[in-house]
Amino acid sequence: SGRAAIVDLLDGTLDATAVAGILVADADRATERSVEAFVVRVYRERGGTGWVRAISENPERLGRGFGTLAKLCRDLRVADVGLWPRFEESLARALERAPPHVVELRAPLPEGCRAFQRRVVAAL
C-alpha cells in the first residue's frame, strides 16, 4: 500500500534506487496531498529513476474541470500520458499466450480471533 511504501522509503527500509517502478491505482483520486503523490515525490528525491504508471477505473473524471489531467501529471511527476482503451488488444493477446498463475491461500483464524469476530458480528 502507499502508506507502507512511504514509511519504508522514509526510514530507509526500501531503497528507492532498487525499485523498478511505481503503479498508482485509482489515479483519478490522486491529488497533490495524496499518499500516492507523496510516495512518488519521495521516490524521486531518494534517487528513484524507474517508471511511474497510473491506472483509473474512472477515466472520465480526468476530463472534468480545467486542467485536471495536467494537475495529475504534475502531482505524480509524469511527463507523458498514454490513453489506452479498457481492453487493449495486445494485452489480451499476451494474457492468452501466458495466462497469469494465481494461487489463493487461506489460513484459518485462531479460536481467539474467531470468538472476537463472532462478538463483532453480533454487535452489528
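Note that this is a predicted model, so its numbers are computed, not measured.

Draft legend 1. Structural view of the pairing of strand β1 (residues 21–24). Residues Ile-22 and Val-24 point to one face of β1 and are all buried, whereas Gly-21 and Leu-23, pointing to the other face, are not buried. Both β1 and strand β2 (residues 51–54) contribute to a ladder of 4 bridges, which runs parallel. Bridged to Gly-21 within β2 is Trp-51. For the crossover that starts at β1, traverses helix α2 (residues 35–45) and ends in the parallel β2, the hand is right-handed.

Draft legend 2. Focus on the nonpolar core. Leu-9, Ile-22, Val-39, Val-40, Tyr-43, Leu-72 and Leu-76 are the most contacted members of the largest nonpolar core, which totals 16 residues. Of all the secondary structure elements, the ones that give two or more residues to this core are α1 (2–11), β1 and α2. When near neighbours in sequence (up to four residues on either side) are disregarded, Ile-22 contacts Val-39, Val-40, Tyr-43, Trp-51, Val-52 and Arg-53.

Draft legend 3. Molecular detail of a nonpolar patch on the surface. Taken together, Leu-23, Trp-51 and Ile-55 make up a surface patch of nonpolar side chains, about 310 Å² in accessible area. Tracing the chain through its elements places Leu-23 in strand β1. The exposed category is assigned to Leu-23, whose relative accessible area is 53%.

Draft legend 4. Geometry of α2. Every buried residue belonging to α2 is among Ala-37, Val-39, Val-40, Val-42 and Tyr-43, and all of these are buried. Packed against the buried residues of α2 are α1, β1, β2 and α3 (68–75). Positive backbone phi, at 100°, marks Gly-47, one or two positions downstream of α2.

Draft legend 5. The arrangement of the pattern of salt bridges in detail. Throughout the structure, instances matching the rule amount to 6 salt bridges. With a shortest N-O distance of 2.9 Å, Glu-104 and Arg-106 are connected by a salt bridge. Note on Glu-104: relative accessible area 58%, which makes it exposed. Residue class for Arg-106 comes out exposed when judged on its relative accessible area of 74%. Taking the shortest distance from any N to any O, the salt bridge between Arg-114 and Glu-111 comes out at 2.9 Å. In this pair, Arg-114 and Glu-111 are both assigned in helix α5 (residues 111–123), 3 residues apart and thus about one turn of the helix distant. Here Arg-114 falls in the partly exposed class, since its relative accessible area comes to 34%. Through salt bridges with shared partners, a single ionic network connects Glu-111, Arg-114 and Arg-118.

About the cut-offs
Residues numbered from 1 in each chain as written. Predicted model: local features only at pLDDT ≥ 70, side-chain atom pairs only at ≥ 80, totals over all residues. Heavy atoms only, no water. Buried < 20%, exposed > 50% of the residue type's maximum accessible area, 1.4 Å probe, protein only. Helix = DSSP H or I, 4+ residues; strand = E, 2+ residues; numbered from the N terminus. Pairing = 2+ DSSP bridges. Right-handed = clockwise from strand over helix to strand, strands pointing away. Core = buried A, V, L, I, M, F, W, Y, C linked by side-chain atoms within 4.5 Å. Contact = heavy atoms within 4.5 Å. Patch = residues over 30% accessible without salt bridge, like charges linked within 9 Å, V, L, I, M, F, W, Y side chains within 5 Å. Areas by Shrake-Rupley, 256 points an atom, 1.4 Å probe, with all protein chains shown as cover. Salt bridge = Lys/Arg side-chain N within 4 Å of Asp/Glu carboxyl O.

Distances and angles like these do not, on their own, reveal function.
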